Amino acid sequence: QVRSDRDKFVIFLDVKHFSPEDLTVKVLEDFVEIHGKHNERQDDHGYISREFHRRYRLPSNVDQSALSCSLSADGMLTFSGPKVPSGVDAGHSERAIPVSREEKPSSAPSS
């Protein structure tokens with residue numbers, strides 16, 4: 001789920017099968033790229049490996065120097081950034097955004 005209002009841009013992504021170490025969040029110019037991969041592991045049905053790539057265009061007025069990313073205890077990744085008034089430089093360049101772990105479950109709606 002992507003939410004963009006007047007003050008903030010937010011992405012909610014269900015990544016319950018991935019740990020923070022399995023996730024990479026990177027900003028490249030006007031896009032945020034979220035990549036998750038875990039190697040083969042055992043589950044109820046046998047062995048499984050998973051991988052995904054998601055790419056979202058950031059609004060031009062998102063303050064890229066203030067982006068944050070967190071992972072809730074129930075596996076909801078929240079990527080967000082405040083919006084700046086027009087005319088202010090939003091600082092576009094490539095950089096990695098660390099994923100922090102939260103101990104409490106997310107309050108985001110599950111899809």
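This text goes with the structure placed above it.
Residues numbered from 1 in each chain as written. Predicted model: local features only at pLDDT ≥ 70, side-chain atom pairs only at ≥ 80, totals over all residues. Heavy atoms only, no water.

Caption draft 1: Quick look at the side chain of Gln64. Among the secondary structure elements, Gln64 is positioned in the loop between strand 5 (46–57) and strand 6 (68–71). For Gln64, a relative accessible area of 1% gives the class buried. (Helix = DSSP H or I, 4+ residues; strand = E, 2+ residues; numbered from the N terminus. Buried < 20%, exposed > 50% of the residue type's maximum accessible area, 1.4 Å probe, protein only.)

Caption draft 2: Just the sheet that holds strand 5, in detail. Strand order in the open sheet formed by four strands is 5-4-3-8, with antiparallel pairing between adjacent strands. Every other strand in the sheet has two partners, leaving strand 5 and strand 8 (95–96) as the edge strands with one partner each. Bridge count between strand 4 (residues 31–43) and strand 5: eleven bridges; the pairing is antiparallel. The residue of strand 5 that forms the bridge with Asp43 is Gly46. (Pairing = 2+ DSSP bridges.)

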